[in-house]
Amino acid sequence: MAEYTLKVRRYQPESGEAAYWEEFQVELDPSLSVLDGLLQAKDRDDGSLSVRCSCRAAICGSCGMKINGQSGLGCKTQVGEAQELAEKKASVSPSSEAPVITVEPMGNMPVIKDLVTDMESTHWTKIRRVTPWLLPHGEPPEREYVVEPESMIDITQSMACIQCGACVSSCLSMEADPDFIGPAALAKAYRFVGDPRDGETVERLHDLAEDPHGIYDCTHCFSCIDACPKGVAPMDQIMRLRRKAGEEGIEDPNNGHNHVNAFVNMIEKKGTNDEALLVQESYAPGIKGKLKPSKAAIKGLVESLPTVLRAIKTGKARSLPKLIPGVHPKLPGGAQDEVKAIYKHAEEHREEFNLYITGEEDVEPEPDEPTAATIEAEAATAAESEES
């Protein structure tokens, strides 16, 4: 047993007071969870402490919370590991106070009481936004829709989601734009876009790509991947939606598809990012787009001027090659040839590996069966050792 201090963010609306911090001393085995510590504090110190939980086995997704600033599940986070992380953070930013485990309600959601958030107003509303059920075409079969197991592998990663909301809590795009559909809902959307039984795939892609707060509103910050306790990797599912939308040739108001193409082509040609040209190619791609830009392109370019001016002011784009589109140099020497070789290899091996399906990364490979030559060589080595 060891003693730990849980510093919990409290909010009790019935009191009329603002949120505040309160510390609880708990005694637990390091292998037990932060949720166990909270329940001990609720049982021994303050019965009004509110926390949502159910299975306590990382299955139901009820106990989503922030621990030391990281969104996750209280029942999956060991209190010993949480203490180590708190001490590590304290060593980076030393203070006179002893390191404690901080516990807060999830972000991007209204707080009902203490660690209980209103998931209905944010999480579940956005889940319903993507029509989270199959929309098959034609007459229904007599019994059930039968598909080959191999055709479902692509969506099993999305199906692993337990709707805990940890990715929503950590999403930086949702902090900047609360209307963003969000990682959980878009991962759910891919579960049906990738399902061969669904008959509205193209319509779904148009809906999600043409929404200003849809798939191109994600800034791929990787926060949702770090937060997800089940390896769903919502950002990966959003990238898959983008690829499928691009394959359908869907034009989006965010110019996200143009931006992706411009960046990919630019790195292939130069190996480095020509930011001035990237802005132009994102809004007005190609010679035709620049000679006869659309109203949307002109609007986008004008709206990007404050960003350009900020880059100049901060020193990011003070040099002339960074200000003139197309002047940015290529990689030196033969480095660009290596970049092109990577592109060529990627085009020749257009395969996507789903690690959730193929197995754990830590599994040791099976030893190879020894051949007759190997056995003979080992015997000879052993004989020489005995003679010496």
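For the structure, check the block above.
Residues numbered from 1 in each chain as written. Predicted model: local features only at pLDDT ≥ 70, side-chain atom pairs only at ≥ 80, totals over all residues. Heavy atoms only, no water.

Caption draft 1: Main features of the overall build of the protein chain. Along the protein chain, the regular secondary structure elements total 19 helices and 7 strands. Out of the 388 residues in the protein chain, the part that is buried amounts to 37%. Put simply, 64% of the contacts in the protein chain that link residues at least 6 apart link residues at least 24 apart. A total accessible area of about 22,900 Å² is found for the protein chain, and carbon and sulfur atoms account for 54% of it. (Helix = DSSP H or I, 4+ residues; strand = E, 2+ residues; numbered from the N terminus. Buried < 20%, exposed > 50% of the residue type's maximum accessible area, 1.4 Å probe, protein only. Contact = heavy atoms within 4.5 Å. Areas by Shrake-Rupley, 256 points an atom, 1.4 Å probe, with all protein chains shown as cover.)

Caption draft 2: Summary view of unusual backbone geometry. The phi angle at D114 is positive, at roughly 50 degrees, despite the residue not being glycine. Within the secondary structure, D114 is located in the loop between strand 6 (111-113) and strand 7 (116-117). Given the relative accessible area of 0%, D114 is considered buried. The phi torsion at T131 lies on the positive side, around 55 degrees, for a residue other than glycine. With respect to the secondary-structure elements, T131 resides in the loop between helix 3 (120-129) and helix 4 (156-159).

Caption draft 3: Region of the structure containing the sheet that holds strand 3 (residues 64-67). Strand order in this open sheet of 5 strands is 2-1-5-3-4, and the pairing throughout is mixed. The open sheet has two edge strands, strand 2 (20-28) and strand 4 (70-73), and neither has a second partner. Put simply, the sheet's adjacent strands are angled 35 degrees from each other on average, direction ignored. As paired elements, strand 3 and strand 5 (residues 101-104) share 2 bridges and run antiparallel to each other. In the strand pairing of strand 5, I67 is matched with V103. Set on the sheet, helix 1 (residues 34-44) makes contact with strand 1 (2-10), strand 2, strand 3 and strand 5; between it and strand 2 the angle comes to about 105 degrees. Each of strand 1, strand 2, strand 3 and strand 5 is contacted by helix 2 (residues 79-92), which is oriented at about 105 degrees to strand 5, the strand it contacts most. (Pairing = 2+ DSSP bridges. Axes fitted to C-alpha atoms, helices over the stretch in contact; angles between N-to-C directions.)

Caption draft 4: Expanded view of the pairing of strand 5. Direction of pairing for strand 1 relative to strand 5: parallel, over a ladder of 3 bridges. Pairing of V8 across the sheet is with V103, part of strand 5.

Caption draft 5: A look at the side chain of D177. Take D177: it is sitting in the loop between helix 6 (172-176) and helix 7 (183-193). One buried charged residue, D177, forms no salt bridge at all, with the nearest opposite charge on K126 at 7.3 Å. With near-sequence residues (within four places) excluded, D177 lies in contact with H213 and D217. (Lys, Arg positive; Asp, Glu negative; His and termini not counted. Salt bridge = Lys/Arg side-chain N within 4 Å of Asp/Glu carboxyl O.)

Caption draft 6: Broad picture of the packing of helix 11 (residues 256-270) against helix 12 (residues 275-283). Axis separation between helix 11 and helix 12 bottoms out at 8 Å; the angle between their running directions is 140 degrees. The orientation of helix 11 with respect to helix 12, classified from their angle, is oblique. Two packed elements cross with a definite hand, and for helix 11 against helix 12 that hand is right-handed. Listed contacts from helix 12 to N258, H259, A262, F263 and M266 of helix 11 are L277, L278, E281 and S282. Looking at the contact of helix 11 with helix 12, its residues break down into 5 nonpolar, 3 polar and 1 charged. (Parallel < 35°, antiparallel > 145°, perpendicular 65-115°, else oblique. Left-handed = near helix turned anticlockwise from the far one by under 90°. Nonpolar A, V, L, I, M, F, W, Y, C, P; charged D, E, K, R; others polar.)

Caption draft 7: Up close: the nonpolar core. Counting 32 residues, the largest nonpolar core has L186, L208, I215 and L241 as the members making the most contacts within it. Among the secondary structure elements, those contributing two or more residues to this core are helix 5 (166-170), helix 7, helix 8 (201-210) and helix 10 (234-247). Element by element, the count of residues in this core is highest for helix 7, at 6 residues. Beyond its immediate chain neighbours, meaning those up to four positions away, L186 contacts F180, I181, L208, G214, I215, I238 and L241. Counting 27 residues, the second largest nonpolar core, distinct from the first, contains L28, A41, I101 and A166. (Core = buried A, V, L, I, M, F, W, Y, C linked by side-chain atoms within 4.5 Å.)

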